[in-house]
Amino acid sequence: MIPRKLKLLPEHLYPSHEWSITETAFSQRWMGNAETIFALSNGFLGIRGVFEEGRPSIEAATFCNGFHETWPIVHAEEAFGFARTGQTIVNVPDATIVKLYVDDEPLYLPTARMTEYTRELDFRRGVLTREMNWSSSAGKQIRISSRRLVSFEHRHLGAIMYEVTADTDAPIVISSQLLNRQDSRAIDEPRTSNGDPRRAKAFSHHVLNATDHVDENHRIVTGYRTTNSRMSLGVGIDHVIETENSWSAQRTWKEDLGKVVLTIDARAGVPFRVTKFFTYHTSRAVPPGELVDRSMRTLDRAVRDGYEALENAQTAYLMRFWERADVVVEAEPRVQQAVRWNIYQLCQASARAETSGIPAKGLTGQAYEGHFFWDTEIYVTPFLTYTDPRITRNLLRFRHTMLDKARDRASELSESGALFPWRTINGEEASSYYAAGTAQYHINADIAYAIKRYVDVRGDREILAEIGGEILVETARLWADLGFYSPETGAFHIHGVTGPDEYTTVVNDNTFTNLMARSNLRYAADAIDWLEQNRSEAFSHLVHVTRLEHDERARWRRAADAMYIPYDEERGIHPQDGNFLEKEVWNFKDTPVENYPLLLHYHPLVIYRHQVIKQADVVLAIVLHGNEFSAEQKKSNFDYYDPLTTGDSSLSACVQAILAAEIGYEQKALEYFQYALLMDLADVAGNVVDGAHVASTGGVWMGLTYGFGGMRDFEGKLSFDPRLPAAWGRLRFPLRFHDSYLVADLTHESYAFEVTDGEALTFTVRGTDVTVKPGQRVELAVNDLPGVPTS
């Protein structure tokens, strides 16, 4: 992997705290980073970490998961089957704006004299707080306190508590706003895509059209409909005032801006507190007027229960979350802080994503258009399956809602079964570049892999009867139809596909794809057998809806058994694809560091001609199917592919860290893990301003548990072979496996395991069978176990 410069947040501005991230002074230099790092989300509603005053900002944005506008994809040269409909998540009206004026002087942080400033995101409370003391031009001292949250308990609700206290009598104005930005993006012209395909495109038309409106007392609620996708939105704000100062309120509204302006005759030392509740509701089918009604009811409850109840519920939710998800690392304080920030991002991205997927950036930015990719199944669901399997199940249900469109897409590409879209919001393929998009057929097997892992880890086969069986049938059908048998050798080949490495496209026999397809085919056959034997009614329904033929399972097994897996005997490695090793190796020595990522500096054809890898491909196959590779093969493959891997994708470092740890490359494992851990906090990829890399945050958890914890779950059997770095004193993490809650506590002297709830659990530790009963703590001396690795 090409070494990356870590743009670490300066310690004096962002000191180390294990359970929070704190900003001790306003800094325009780090403002864009901070908007992502301090973003709040619950998986449905997301708000970037902009200031309440509205200015300055790099990308002020609020998102509702799945709420999108469509637009026609224009191809310079048309061809049959190209994606036609672009989809972009909409930057919905901003409810965070609370502008402050003292003596008619606005608070503007770049020029304001701040004698005190602290902003903190507390991972245990889920609240973004800010404490400031502003010395105004007139010499008045203004104390400003704010608290902001997006509720985990109440999916559609957020709140800001804003309190102002002056040291002398002063006229104060607070303008609380609901602003619909005209192009539904907060990105100024210099922040448009500029040729970077990862960034969202600006809309060329007005997206949100007001259709319904209510304003009364201190409340404003508006209903909108999007121009093309015809989705509807209800958004509203309401205010609760607490003060002994005299004050008055004025309410105004027009289509794109609603205001509640509070005019206060502030007395010295007497605080003025306004609590602003905001709510968002979206729908594909319900008219905006009904969403306005829903918004009114949400605000009624919020005002009735008050802000304190919201914070208490937030703390209770996160207490439960950290009990099942916290990973303790005894290392330097910044490591623990970064670990918890990454895990907290997984909570924010998934907690209430109940009828949608998880966008590549979560709800922290508009990059990648808010699309759902394979990231969810391969990088995020492992964490969720082991900590909150309910969410994994919901995500798989959401994939199932796309099945009919996936069937249509497969038919359009002259294949049987179903082909899930590479990137999408509404189920239609939205990738306009088929070579690195639609050609990534492995998305089918990635979804099947997530189903299998969920069943193996949770022990819940009922999902096969509900939705899993139907997905498995249609994905297996695609592989059986897509591939072909060699007339010379009888091997089953899959041609014209792209693996995870997007620097090598439309190839024959991509090793990752063939291994994943083989797993998909076998598991589909086994799962349908189980349904036939154990859930006859569900099996009959499945046969009816899929028109499953009696001999299909046998055909799938035959294709799986004959699957061609490339292998080079001389090198002892698995070629990434059928002709990868025939290409010239990229000239890494003479490639300037500033030319990475390569995709922004070289024509695709230049990249495709070379042995150069954007992200782990064969290495990822080994991590996911490690039981199918020998120890020698793992090492040989890593040694060959590691120097060819640029790491231009945020999905790579975590995977390389896992395999490096397994094969005993401790320093390399730590180096790659650090890249993953600090992907956003140190802006490794150079684009943290565009949002958090959610898949990489999932990869951090995988690096901790699979990499240094040595955990594996092949074929539903739990095992541990820890690789604790010498620099770490302890690694502790909880897991849910079937109906048992297990805590692994690993040090250099002992490996301890405790079942804190549920049934007894049996697993292996370095090949030794271990059974732990409920309430029991089993401690194993490291030196008594076989196969202790050496660095």
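Above: the structure in question.
Reading guide: rules and limits
- Residues numbered from 1 in each chain as written.
- Predicted model: local features only at pLDDT ≥ 70, side-chain atom pairs only at ≥ 80, totals over all residues.
- Heavy atoms only, no water.
- Core = buried A, V, L, I, M, F, W, Y, C linked by side-chain atoms within 4.5 Å.
- Buried < 20%, exposed > 50% of the residue type's maximum accessible area, 1.4 Å probe, protein only.
- Helix = DSSP H or I, 4+ residues; strand = E, 2+ residues; numbered from the N terminus.
- Contact = heavy atoms within 4.5 Å.
- Pairing = 2+ DSSP bridges.
- Expected span 1.5 Å × (residues − 1).
- Salt bridge = Lys/Arg side-chain N within 4 Å of Asp/Glu carboxyl O.
- Disulfide = S-S within 2.5 Å.

(A) Representation of the nonpolar core. Ranked by internal contacts, the top residues of the largest apolar core, which has 231 residues, are I174, F720 and F753. Here the element with the most residues in this core is helix α10 (residues 511-534); it accounts for 12 residues. Setting aside its immediate chain neighbours within four residues, F720 contacts G709, G710, M711, F733, L735, L742, A744, F753, F763, T764, V765 and R766. Within the second largest apolar cluster, 13 residues are counted, among which are L149, M161, A302 and L310.

(B) Representation of the pairing of strand β31 (residues 761-765). Side-chain alternation along β31 places L761, F763 and V765 on a buried face and T762 and T764 on a face that remains uncovered. The sheet contact formed by strand β27 (residues 719-720) and β31 spans two bridges and is parallel. Note on β31: the bridge partner recorded for F720 is V765. Bridge analysis of β31 against strand β32 (residues 768-772) gives five bridges, and the strand direction is antiparallel. Across the sheet, the residue bridging to F763 is V770, located in β32.

(C) Quick peek at the sheet that holds strand β18 (residues 246-254). If you walk across this open sheet you meet the five strands as β9-β8-β14-β19-β18, and the pairing is antiparallel. Here the strands that pair on one side only, and so sit at the sheet edges, are β9 (105-106) and β18. Pairing between β18 and strand β19 (residues 257-266): nine bridges, direction antiparallel. Bridge pairing links S246 to D265 in β19.

(D) Helix α17 (residues 666-677), seen in detail. The terminal C-alpha atoms of α17 lie 16 Å apart, and with 12 residues this matches the ideal 16 Å at 1.5 Å per residue to within 8%. Of the positions making up α17, those classed as buried are E666, A669, L670, Y672, F673, Y675, A676 and L677.

(E) Representation of the pattern of salt bridges within the structure. Per the counting criterion, the structure on display carries 63 salt bridges. Of the charged contacts, one joins R407 and E474 as a salt bridge, the two residues approaching to 2.9 Å between their closest N and O atoms. Separated by 67 residues along the polypeptide, R407 in helix α7 (residues 403-412) and E474 in helix α9 (residues 462-482) bring together distant segments of the chain. A single salt-bridge network, built from bridges that share partners, covers D404, R407, E470, E474, R477 and E552.

(F) Up close: the state of the cysteines. All chains considered together, the criterion is met by zero disulfides. For the unlinked cysteine C654, the closest cysteine sulfur is that of C347, found at 20 Å.

(G) Highlighting the sheet that holds strand β29 (residues 740-747). The strand order β21-β28-β29-β30-β33 describes an open sheet built from five strands, whose pairing is antiparallel. Whereas interior strands pair on both sides, the edge strands pair on one side only; in this sheet they are β21 (328-329) and β33 (777-781). Two elements, β21 and strand β28 (residues 730-737), share two bridges in a ladder whose sense is antiparallel. Bridged to V329 within β28 is L731.

(H) Fine view of helix α16 (residues 653-662). α16 sits mainly inside the fold: nine of its 10 residues count as buried. Taken as a whole, α16 has its buried residues at A653, C654, V655, Q656, A657, I658, L659, A660 and A661. In this fold, the buried residues of α16 make contact with α5 (375-387), α14 (618-624), α15 (631-641), α17, α18 (694-708) and β26 (711-712). One or two residues past the end of α16 sits G664, with phi positive at roughly 90°.

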